[in-house]
Amino acid sequence: MVARLKLAGVILAGIGVGLVIVWKLQPDRRSDSQQVLEALVDMQRAVEAKDTGAFMRHISEEYKDSTVENKRELTRLVQSGLYERGEFHCELQVGEPELQGRTARVDVNVDFRIEREGRASTVKPFAVRTEWAKERSGWRVIRAEGYMEAEPAFSDAAW
């Protein structure tokens, strides 16, 4: 009797593992455009939540732009920004992704402000041009230009 229960437990565990594997290997049914747009929404939420890990999850290991030369430098920049005191408000207006094979381009208009102690430090809305690549784990940003326009909101003079 005990042997049969152990066998049944092993079979159930095997079935459970098999279902998880099948679920993980199942292709993403969302369109490429939808995947990129959802990643941008996740990134917006990560900025507002000050969650560096959630933001960087959407950045490729191959990331490089004219301001930082790799993902590690970008991670440090994002961390230092998100450690700023106050509440972040980030609103994105996104155009339709321009897909070309396994790459995409998306222009994002950003409205950003930081609120601290009842005062807001704002910058005028700015545009960020993003470039994406489809990797094994999904769409990731490989380049972004224009995000440094948010820098004045972090300066001491703004407060």
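Predicted, not measured: the structure shown is a model, and the values here were computed from it. (Residues numbered from 1 in each chain as written. Predicted model: local features only at pLDDT ≥ 70, side-chain atom pairs only at ≥ 80, totals over all residues. Heavy atoms only, no water.)

Help me understand the environment of Ser155, please; the structure alone is not making it clear to me.
Among the secondary structure elements, Ser155 is positioned in the segment after strand S6 (138–145). Relative accessible area serves as the criterion here: at 30%, Ser155 is assigned to the partly exposed category. The spatial distance from the C-alpha of Ser155 to the C-alpha of Ser121 is 8.9 Å, given a sequence separation of 34 residues. (Helix = DSSP H or I, 4+ residues; strand = E, 2+ residues; numbered from the N terminus. Buried < 20%, exposed > 50% of the residue type's maximum accessible area, 1.4 Å probe, protein only.)

Teacher, can you tell me more about the packing of aromatic side chains here?
Between two aromatic rings, the relevant description is the distance of the centres plus the angle of the planes. For the coordinates displayed, the defined rule picks out 3 aromatic pairs. Aromatic pair Phe88 and Phe112: ring centres 5.5 Å apart, planes at 85 degrees, arrangement edge-to-face. Of this pair, Phe88 sits in strand S1 (residues 87–94) while Phe112 is found in strand S3 (residues 103–116), placing the two residues 24 residues apart along the sequence. Assessed through its relative accessible area of 3%, Phe88 is described here as buried. In this structure Phe112 comes out as buried when scored by relative accessible area, which is 6%. Each ring, one from Phe112 and one from Phe154, has its centre 5.8 Å from the other, and the planes form 25 degrees; the classification is stacked. (Phe/Tyr/Trp six-rings, centres within 6.5 Å; stacked < 30°, edge-to-face > 60°.)

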